[in-house]
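A structural walkthrough
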Amino acid sequence: MCVIIDMNTLPCIFNPENKDHNEFKSMLDWIDKGKGRIVYGGSDYLSELEKMTRCRRILNDYGRKRKTIKLDNDKVDQEQQKVKKKLEKIDPISDFNDTHIVAITIVSGCRLVCSKNSEHYPFIKDKRLYPSRFREISIYRGYADKNMFLSRSVKRLCKRCREEK
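**Remarks on the pattern of salt bridges**
- Under the defined criterion, the tally for this structure stands at nine salt bridges.
- A salt bridge links Lys-25 to Asp-29; its shortest N-O distance comes to 3.0 Å. Of this pair, Lys-25 and Asp-29 both sit in helix α2 (residues 21-33), four residues apart, which is roughly one turn of that helix.
- On the basis of relative accessibility, which here comes to 33%, the residue Lys-25 falls in the partly exposed class.
- Measuring nitrogen to oxygen at the nearest pair gives 3.5 Å for the salt bridge that ties Arg-56 to Glu-50.
- For Arg-56, a relative accessible area of 23% gives the class partly exposed.
- Salt bridges linked by common partners bring Lys-19, Asp-20 and Lys-116 together as one network.

See the structure below:
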């Protein structure tokens, strides 16, 4: 199963010195020792990642271990523009700046997002931003959600993972 990790959460997962690391350590364990894979892509995501040298190196290492799925930037960027247009109609004064997360979700088919940005949860889960019949998104918010990784809790793999099997 795949996960999309919001930029604000990468240091919490990968830096043991981070004050929130214990909340997200089970995500790290799932990726390291389990079947977890990180999905990412798009110009906005990569430009944010460029500023986070340590996290970028870690993602590159995971890529060599086949623990990441890098999406086509153009596809994510095009989908992000569609999401922004929908968002303008839904909430013109929104401060939601993670439309690239929704776009990555749509392009990949991945339905698990890891984020600690609780103000953005309603937008990430807003069905109006997604194509019709898109299945509901789950958000990993920290240690309390650790049971999401149990095999009986995993409902289906993301579209990308199914295509690679």
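**Structural notes on the side chain of His-21**
- By the secondary structure assignment, His-21 is in helix α2.
- Overall, His-21 belongs to the buried group, its relative accessible area being 7%.
- Setting aside anything within four residues of it in sequence, one finds His-21 in contact with Cys-12, Ile-13, Asn-15, Pro-16 and Leu-28.

**Here's the deal with empty space enclosed by the protein**
- Counted according to the given criterion, the structure contains two cavities of 30 Å³ or more.
- Taken as a whole, the second largest cavity holds about 30 Å³ of empty space.
- Every residue along the wall of the second largest cavity is listed here: Lys-125, Lys-127, Tyr-130, Phe-134, Arg-135, Glu-136 and Ile-137.

**So, the sheet that holds strand β3 (residues 68-70)**
- Reading across from one edge, β3-β2-β1-β4-β5 is the order of the five strands in this open sheet, with parallel pairing throughout. Both outer strands of the open sheet, β3 and β5 (138-140), are each paired with one neighbouring strand and no more. Strand after strand, the sheet turns through a mean of 35 degrees between neighbouring axes, direction not considered.
- Pairing between strand β1 (residues 2-5) and strand β2 (residues 37-40): two bridges, direction parallel. Each bridged residue has a counterpart across the sheet, and for Cys-2 the counterpart in β2 is Arg-37.
- Set on the sheet, helix α6 (residues 99-108) makes contact with β1, β2 and β4 (112-114); between it and β1 the angle comes to about 160 degrees.

**Observations concerning the environment of Leu-59**
- Relative to the helices and strands, Leu-59 resides in helix α4 (residues 53-64).
- The class of Leu-59 is buried, set by a relative accessible area of 1%.
- For the pair Leu-59 and Leu-49, spaced ten residues apart in sequence, the C-alpha separation works out to 9.4 Å.
- Those residues within four positions of Leu-59 in sequence are excluded, and the remaining contacts are Ile-38, Leu-49 and Thr-68.

The rules behind each value
Residues numbered from 1 in each chain as written. Predicted model: local features only at pLDDT ≥ 70, side-chain atom pairs only at ≥ 80, totals over all residues. Heavy atoms only, no water. Salt bridge = Lys/Arg side-chain N within 4 Å of Asp/Glu carboxyl O. Helix = DSSP H or I, 4+ residues; strand = E, 2+ residues; numbered from the N terminus. Buried < 20%, exposed > 50% of the residue type's maximum accessible area, 1.4 Å probe, protein only. Contact = heavy atoms within 4.5 Å. 1 Å grid on protein atoms, 1.4 Å probe; cavity = no way out; pocket = protein on both sides within 12 Å on 5 of 7 lines; lining within 4 Å. Points joined across faces, edges and corners; volume = space filled by probe spheres on them. Pairing = 2+ DSSP bridges. Axes fitted to C-alpha atoms, helices over the stretch in contact; angles between N-to-C directions.

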